[in-house]
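What follows is each chain in one-letter form.
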Amino acid sequence: QDTKIGFIVKQPEEPWFQDEWKFADQAAKEKGFTLVKIGAEDGEKLMSAIDNLGAQGAQGFIVCTPDVKLGPGIAAKAAANNLKLMTVDDRLVGADGKALEDVPHMGISATKIGEAVGQAIVDEMKARGWKADEVGAIRVSYDQLPTAVDRVEGAISVLKANGFKAENIFDAPQAKTDTEAALNAATVVLNAHADIKKWVSFGLNDEAVLGAVRASESVGIPADGMIGVGIGGADSAINEFKKPTATGFVGTVIISPKRHGYETALNMYDWVANNKEPEKLILTSGALAKRDDYQKVRQGLGIE
Amino acid sequence: MSFLDFSRITKTYPGVKALSDVSFGVDKGAVHGLMGENGAGKSTLIKILSGDQHADDGEIRIDGKVQAYASTRDAFDNGVIVIHQELQLVPELTVAENLSLGRFPASAGIIAGRRMLDDVGAKLKSAGIDIDMRRKVKTLSIGERQMVEIAKAIMLDARVIALDEPTSSLSSRESEILFSLIDRLRGEGKVIIYVSHRLDEVFRLCDSLTVLRDGKLAAHHASLKGVTRDQVVAEMVGREISDIWGFRPRKSGDIRLKVDTVSGAKLKTPASFEARAGEIVGFFGLIGAGRSELMRLVFGADHRSGGTITVDGKVVGATDPHDAIRAGIVLCSEDRKHDGIIQGRSIEENINISSRRHHARFGVLNRASEIETAETFIKKLKVRTPSRKQDIINLSGGNQQKVILGRWLSEQGVRVLIVDEPTRGIDVGAKSEIYELLYQLAEDGMAIIVVSSELPEVMGICDRILVMCGGRISAELVRDQFAEKAILAAALPDKKTPDAIAS
Amino acid sequence: MTHRLKKLLLGEQGLVVIFIVAFALVSALVPNFLTDRNMLGLLQSVVTVGIVACTMMFCLAARDFDLSVGSIVAFAGMVAVMASNYTGSILLGLLAAIACGAFVGFINGVVIAKFRINALITTLATMQIVRGLALIASDGRAVGINSPDFYQLALSKLLGIPTPIWILALLFGIFGFVLNRTVFGKNTLAIGGNPEASRLAGVNVDRTRIWIFALQGVVCGIAGILLASRITSGQPNAAVGLELSVISACVLGGVSLAGGRATMSGVIVGVLIMGIAENAMNLLNIPAFYQYIVRGVILLLAVLLDNLRSSALGRR
Amino acid sequence: MTHRLKKLLLGEQGLVVIFIVAFALVSALVPNFLTDRNMLGLLQSVVTVGIVACTMMFCLAARDFDLSVGSIVAFAGMVAVMASNYTGSILLGLLAAIACGAFVGFINGVVIAKFRINALITTLATMQIVRGLALIASDGRAVGINSPDFYQLALSKLLGIPTPIWILALLFGIFGFVLNRTVFGKNTLAIGGNPEASRLAGVNVDRTRIWIFALQGVVCGIAGILLASRITSGQPNAAVGLELSVISACVLGGVSLAGGRATMSGVIVGVLIMGIAENAMNLLNIPAFYQYIVRGVILLLAVLLDNLRSSALGRR
Ligand SMILES: Nc1ncnc2c1ncn2[C@@H]1O[C@H](COP(=O)(O)OP(=O)(O)OP(=O)(O)O)[C@@H](O)[C@H]1O
Ligand SMILES: Nc1ncnc2c1ncn2[C@@H]1O[C@H](COP(=O)(O)OP(=O)(O)OP(=O)(O)O)[C@@H](O)[C@H]1O
Ligand SMILES: [Mg+2]
Ligand SMILES: [Mg+2]
């Protein structure tokens, strides 16, 4: 019987997940198994997707869940369909809020990425010689998404540890997770605090930070008055680095879709085909990429 | 004091005093006529009686008790049933369901379908109305719908029944059914209020009569003995009208419209006829004779499955009304609510919708000429309204009809004017003016086709009459051959004696 | 023979016939489609949409519109979980969820019917407010279920078929009956077909509309409970965009947005078409971006076919 | 005095008066609201919604519905960027974007008007198809702009006011004129008021509807270009959910979903109310979850106020 492995992701339109899929496909080609890619934006779709995999006769699947609290449900569904289960990016938790240790996981903690962003901002501020109390911070927030909260809170914790005052951090809630919404929200913050000339910004992903950077441009803050550090390192960030002149988008913390996609798929294949159980927990790390070194960083992560 | 008493009823709409200080009474077992020009306030009075509208002042008493209804439901519960001027039916429901709406026979909310059909069937049969009660209302013709509407009057045991222009789209045969129904109700001691613009009917049916003018009581006749028609007309219109038809002979010219073996989905038998320049051709028939269907085919409103239409020798490939209009054929449709008025828009826009393309330049409106056209026709047709900007839905039924007529009379380059029941709901005074307008248009060389269910009307104003029956043209008579008997005989599908039906 | 076929196709149930043909085609062409497991999975995947479509049908038939269903489903799910956790009684949790759903629906109905505020705006507003409440109550995070019995709602089976599917079938039956055989159903159709005539005929239009929205709330509450049980947690972000799926399923099933026209069989077909499309696309492993296009094309084809059918009917 | 005030409030422009009062209130109560910078920021934030609302007004006034606007905006933005990059000419890119928008709109119109397919379903289908195309064309990734001149579309200013705002004002002016002073506008309103009567009055209903959708496409193309310039890239995920914002702005501005009623001033007010609400909430630093609730309440209040006004009018 052929090996069939599912790969379910929560936001199939996002470049990040597209990349994960792409690298998982690569593994599938190398090992000669079938990869079934399904997008599941919410818990209900996810449950259907697992049923669907079961019906197709898959042996296991990898999932990036729309919500970590779905843990027990996913585990039960997988067992009911006799499917091996691995998670990627986001780790499942039980009803008690503790991680489901039994489910093999590969990922990176949202808080850790956020801290890397915060560190990058602090470093850039030092390089530019900015003092913490003359700088405003735009927290482009999307609190509906728990991961987003963890990321920005990670960044804020580093900023605060480096002398940033809480009252200089301004919330710019985006109504949706696209650049336009971030742009509109950040514009309001910038205009409400016209006296502050130096700004830093961070958010859920590259698009959010790009919105803040665009907002600073539209109200006339020059590129050297803004430090934006994104998360993801997909094309929208790379495009920014390719622009002829530098913008306020200083860097992005790239997380490697290659490891997350390729390795998880490979591990699942080994588990299914050779009964070799994967490690329970593999944590990857992000790498900061900036205008001058992004190509090198990407190569280092195996994605160029 | 009478059984039903209106006292000092006053009602104002924005910009319009619809009723002021109207008082009169009606006795049990009497049919009381209510007449007046378009916009005189008849429907408003009926709506107040039905609990649909609330009077600003004054009160209604039945059997000495003051009636204060919060809703139409209260009115039913107090034995008041009103048949409104505009049809109030739900197209997607069946006839039986429409007649039971608001009072379905049910237990625990579940409809007793069998009982509903039995009830409705019995009532319809006793009233002599022959309509399949399982049909959805949307498949009925206007006339049939009107009969369904009328049937509502007998569905409940009412004390007071008000009928607002119930015969406006009925032909004489169906009207007769209604009249015998009214006679029966009168015999049962009900109070019946009867609104109509047809003097013949009012004199045939009514025991007493009230005339409204500009929202005020113009006359009250406790008995119709010794009252003449001319007197009533004068009370209504404020002047004498000697000859309402005012027919004058014309010379007719070449053939304008030639309809050759035209057929469609709802008119299987191909029909052919022609109309000359300057000629007024009448189409008479009973409900369902297919006149409206034929005219809709000529106008391109429905899909034509065969035949040709020529105007002034040129073939019209009309597949859509706007093609027909460009070729010089216009149709003023019989169903003003569904096919005529454009709700939510002003009188001005309703008049100009078709003709404005002649005045617009590069698609930009010529405001001055639009205003002028609107004002002209409001004046010419005596539309009663505070301003040309009034939403057409706020006009009285007859005034809406005038606005729709104005739409077509203001159109330019018309060679063939088809009017389907043009004077439906229009008062006598305005009628004669509309006829006069038709004569003028005919004299200017237009071919005019008048579809009407009112035999006196077609006989009064037409040069030639075509009679339709069962979807085919069954007779053709020129003016000096006009005779009621002959026309009715041709209109009747079965060979019953026409005397039984003649009005 | 061909005559009888024509009659069948063009009759009231023509949509159902078309659906059966399409179903047979998909079964033949898509591997693994017609297996017991997949059929059950398919049915389970349409439970939420299907349940909510039952009352959305009434709503649309009465010329109304309800955008708040997605939020109510999420909110009711949250309430079910939180109340169960708090009281320790699953039953109380379920009752609380249904009560909350009914309450929101009732408010919708009152605002729309009594204050005469446009249904689109009203339900758009409650959609936001209720979603906000769900987020605030849970601080934006999913709430886990304490008692594993709660999962049993969705996992338990009767005759080999999971409970939610039974509930769905039951609701289809009930609301089909209500639409055609009760005063409430006929009044709904009448209001949609001609509100003015219904009012003049003495139908209590306001009360009927309020009932429709309240029922919609109850049904959303049930859907929310089943969803929470199925995904084993209350999620404030659940069922985003549900309203559009439900409304399209209804319209696909021949419910007129202009009111006055609806059949339960049509709605069932509409719901199933949407579910089958999703299911088959995943079975065929169609890439995510192409799924958008296929979904769009299927929608168009489905209505186009039905239109051809009914225009053939008109010309008959 | 009070009489004149009453007349003003209850007149045609009463909604505008209410809006001005509300605006004054917000200005007084919300710090930093009434600053030049914030006003410009506010206006820029409503450019997309405002532009698309111009033609959505026509669409709704003709009793139609367009859900595909968000997808068209994203797609047109992608096309503008990709075509500019490919040809090296920004002008060609812009033309291509507008042509694509017009094409999609035209297809919508033809399917709806000629094949008589429900507008909701049709545009839901094109919404999916077009979004799918945008995703496929870009492989789901943002596409950067090669020539920095492209940014200037959004950044350049005239008399201190950014170009997009001028364009918005211009379109408001043009479509206000078209609605009230042209045959096309009046025909649109007539079709919405009574489609059958309009057809029988010689209005070419099909052609008018096709034009409306095609225009909607053109306008979405313009909005897409400005958006791409503003965010300096073509993003296939842009403008998701735009349709709902635009439709609510229109309905808030008194456009009737039952057709036949629309004013440009109303739509402008609707667009601004939505923009001001967002802006003020962020200035007041209202937490994200509470923003949902506030947004809902403002929507309700705005329509309620307008209803009170017009029912007072009825009772005058
Ligand atoms: N809702 C309304 N808003 C404003 N004016 C109205 C409204 N309803 C009726 N009117 C006005 O009130 C007056 C009386 O109307 P009504 O319908 O009672 O006339 P009517 O006597 O029935 O005329 P017709 O013979 O044409 O049916 C008319 O001038 C009409 O324009
Ligand atoms: N939508 C429809 N579906 C089925 N039958 C219809 C429909 N509309 C009309 N008919 C039938 O077609 C026949 C012709 O109706 P039509 O309206 O043309 O008659 P008419 O001569 O104009 O009479 P009137 O207008 O006085 O009713 C009638 O028997 C009617 O019942
Ligand atoms: Mg009247
Ligand atoms: Mg007729």
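The preceding data block contains the structure.
Throughout what follows, the structure given in this document is the object of discussion. (Residues numbered from 1 in each chain as written. Chains lettered and ligands numbered in written order. Predicted model: local features only at pLDDT ≥ 70, side-chain atom pairs only at ≥ 80, totals over all residues. Heavy atoms only, no water.)

**Quick look at the sheet that holds strand S3 (residues 60-63) of chain A**
Residue and element names in this part refer to chain A. In plain terms, the rule: Strand pairing is assigned whenever DSSP identifies at least 2 bridges connecting the two strands. Secondary structure elements are defined from DSSP: runs of H or I of at least 4 residues count as helices, runs of E of at least 2 residues count as strands, and each element is numbered from the N terminus. Axis angles are defined between N-to-C directions and span 0 to 180 degrees, where every axis is a line fitted to C-alpha atoms and, for a helix, only to the segment in contact. Contacts were defined at the residue level, with two residues in contact if any of their heavy atoms lie within 4.5 Å.
With parallel pairing, six strands are arranged side by side in an open sheet as S2-S1-S3-S4-S5-S11. Two strands bound the open sheet, and with one partner strand each, they are strand S2 (34-39) and strand S11 (281-283). Strand-to-strand twist in this sheet, taken as the mean axis angle between neighbours without regard to direction, amounts to 15°. Here helix H1 (residues 15-31) sits on the sheet in contact with strand S1 (4-9), S2 and strand S4 (84-89), set at roughly 165° to S2. In this fold helix H9 (residues 257-274) packs onto S1, S3, S4, strand S5 (105-107) and S11, with an angle of close to 165° to the strand it touches most, S4.

**Considerations on the site of ligand 1**
Residue and element names in this part refer to chain B. Rules: To be near a molecule or strand, a residue needs just one of its heavy atoms within 4 Å of it. As used in this structure description, the phrase polar contact means that two N or O atoms lie within 3.5 Å; if the pair is within protein, one of them must be able to donate a hydrogen and the other to accept it, and residues adjacent in sequence are counted only when both atoms belong to side chains. Reported accessibility uses the Shrake-Rupley method at a 1.4 Å probe radius. Residues are deemed covered only where the shown protein chains occlude them. Residue polarity is assigned by list, with Asp, Glu, Lys and Arg as charged and Ala, Val, Leu, Ile, Met, Phe, Trp, Tyr, Cys and Pro as nonpolar; anything else, Gly included, falls into the polar class. For each domain, the first and last residues come from an automatic or database assignment.
Close to ligand 1 lie 22 residues, the nearest being Lys42, Ser43, Thr44, Ser396 and Gly398. In this structure, an oxygen atom belonging to ligand 1 sits 2.7 Å away from a main-chain N or O atom of Lys42. Relative to its unbound accessible surface of 640 Å², ligand 1 loses 93% to contact with the protein. Elements supplying a minimum of two residues to the shell around ligand 1: strand S2 (16-26), helix H1 (42-49) and helix H14 (397-409). Taken together, the residues that form the shell around ligand 1 break down as five nonpolar, 13 polar and four charged. In this structure, the shell around ligand 1 is formed jointly by two domains, domain 1 (4-237) and domain 3 (346-412), each of which donates at least three residues.

**Overview of the relation of the copies chain D and chain C**
One copy of the chain maps onto the second through a rotation about an axis and a displacement along it. Our working rule: The copies were overlaid by least squares, fitting only the C-alpha atoms of residues that reach a pLDDT of 70 or more in each copy.
Take chain D, turn it by 180°, move it 0.1 Å along the axis, and it overlays chain C with an RMSD of 0.1 Å. Here the symmetry operator amounts to a two-fold rotation axis. Among all residues of chain D, the minimum C-alpha distance to the rotation axis is found for Ala258 of chain D, at 4.2 Å. Of all interface residues in chain D, 100% are interface residues in chain C too; the two copies therefore contact each other through one and the same surface.

**Things to note about the coordination of the magnesium ion (ligand 4)**
Residues and elements named next belong to chain B. So the rule is basically this: Metal coordination here is assigned from N, O and S atoms located within 2.8 Å of the ion, or within 3.2 Å for Na, K and Ca; omission of water means that sites may look incomplete. Between buried and exposed lies partly exposed: a residue is buried under 20% and exposed over 50% of the maximum accessible area for its type, with that area taken using a 1.4 Å probe on protein chains only.
Those donors, Ser292 (OG) and Glu334 (OE), are the protein atoms that reach the magnesium ion (ligand 4), and they lie 1.9 to 2.4 Å from it. Separated by 42 residues along the polypeptide, Ser292 in helix H9 (residues 291-299) and Glu334 in the loop between strand S18 (329-332) and helix H11 (336-340) bring together distant segments of the chain. Here Ser292 matches Glu334 in class, with each residue buried.

**With respect to the packing of helix H6 (residues 179-192) of chain A against helix H7 (residues 206-218) of chain A**
All names here are of chain A. Convention followed: Put simply, angles under 35 degrees are roughly parallel, angles over 145 are roughly antiparallel, angles from 65 to 115 are roughly perpendicular, and the rest are oblique. Handedness of a crossing is defined here by the sense of rotation of the near helix relative to the far one, left-handed for an anticlockwise turn of less than a right angle and right-handed for a clockwise turn.
At a closest axis distance of 7 Å, the pairing of H6 and H7 adopts a crossing angle of 45°. Put simply, H6 runs oblique to H7. Crossing angle aside, the handedness with which H6 passes H7 is right-handed. Facing Thr179, Ala182, Leu183, Ala186, Thr187 and Leu190 of H6, the residues of H7 in contact are Glu207, Ala208, Leu210, Gly211, Ala212, Arg214, Ala215 and Ser216. Across the contact of H6 with H7, the residue classes tally to eight nonpolar, four polar and two charged.

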